[in-house]
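Summary of structural features
Listed below are the residues making up each chain.
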Amino acid sequence: YGPATIERENARLRARLLGGLDLARFRPVRFAAENSAGIQSFLTDEDPQLLMRAAAGRGLVISARGGYLRMAPHFYHTDAEIDRAVQILNSL
């Protein structure tokens, strides 16, 4: 894999995540492409620390930093794993 391939796959997985997530609860923080990385941050009106712990209890590793929820879908994740993450987050 080269950097361009990995970058495209990371972007595809982030789009898949955003396409299924309840965007009324999890508002994505978007950065310009040149400042974007594999991490996707979300604003939420709920307590990010509580959501992080609840997700961990269901087997989903996310972080809560600076008032954001953060996920890092990366090229080695499968579509099924992203779909499961979406299902878990939407059900919290």
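Our subject is the structure that appears above.
Quick notes on the rules
- Residues numbered from 1 in each chain as written.
- Predicted model: local features only at pLDDT ≥ 70, side-chain atom pairs only at ≥ 80, totals over all residues.
- Heavy atoms only, no water.
- Helix = DSSP H or I, 4+ residues; strand = E, 2+ residues; numbered from the N terminus.
- Buried < 20%, exposed > 50% of the residue type's maximum accessible area, 1.4 Å probe, protein only.
- Contact = heavy atoms within 4.5 Å.
- Axes fitted to C-alpha atoms, helices over the stretch in contact; angles between N-to-C directions.
- Left-handed = near helix turned anticlockwise from the far one by under 90°.
- Nonpolar A, V, L, I, M, F, W, Y, C, P; charged D, E, K, R; others polar.
- Salt bridge = Lys/Arg side-chain N within 4 Å of Asp/Glu carboxyl O.
- Pairing = 2+ DSSP bridges.
- Expected span 1.5 Å × (residues − 1).
- Arc of directions from axis to C-beta.

Turning next to the side chain of Ser 41. With respect to the helices and strands, the residue Ser 41 is situated in strand S2 (residues 40-43). On the basis of relative accessible area, Ser 41 is assigned to the buried category, the value being 8%. Not counting chain neighbours up to four residues away, the residues in contact with Ser 41 comprise Arg 27, Pro 28, Val 29, Tyr 68, Leu 69 and Arg 70.

Contact geometry of helix H1 (residues 3-20) with helix H3 (residues 79-91) gives a least axis separation of 9 Å together with a crossing angle of 30 degrees. You can see that H1 and H3 cross each other, and the crossing is right-handed. Where H1 approaches H3, its residues Arg 12, Leu 13, Arg 16, Leu 17 and Gly 20 are matched on the opposing element by Asp 79, Ile 82, Asp 83, Val 86 and Asn 90. Its residues assigned to classes, the contact of H1 with H3 comprises 4 nonpolar, 2 polar and 4 charged.

In this section: the pattern of salt bridges. Taken as a whole and judged by the stated rule, the model has 6 salt bridges. One network of salt bridges, with partners in common, ties together Glu 9, Arg 12, Arg 16, Asp 79 and Asp 83.

So, on to the sheet that holds strand S3 (residues 63-65). Judged by pairing direction, the sheet is antiparallel, and its 4 strands sit side by side in the order S1-S2-S4-S3 without closing on themselves. For this open sheet the edge positions go to strand S1 (27-29) and S3, each flanked by a neighbour on one side alone. Recorded for the sheet is a direction-independent mean angle of 40 degrees between the axes of neighbouring strands. In this structure, S1 lies alongside S2, joined through 3 bridges in antiparallel fashion. Within S2, the residue paired with Arg 27 across the bridge is Leu 43.

Attention now moves to the environment of Leu 51. Assignment of secondary structure puts Leu 51 in helix H2 (residues 48-57). For Leu 51, a relative accessible area of 6% translates into the label buried. Spatially, the C-alpha atom of Leu 51 lies 9.2 Å from that of Ser 63, the residues being 12 residues apart in sequence. Not counting the four nearest positions on each side in its chain, Leu 51 is found in contact with Arg 25, Phe 26, Thr 44, Glu 46, Ile 62, Leu 69 and Leu 92.

Another point: H1. Its 18 residues place the ends of H1 26 Å apart at the C-alpha level, agreeing with the 26 Å of an ideal helix rising 1.5 Å per residue. Residues of H1 that are buried: Asn 10, Leu 13, Arg 14, Leu 17 and Leu 18. One side of H1 holds all its buried residues, which, seen down the axis, span an arc of 135 degrees. For H1, the exposed residues set more than 90 degrees away from the buried face come down to Arg 8 and Gly 19. Looking at the buried side of H1, the elements it contacts are S1, S2, strand S4 (68-71) and H3.

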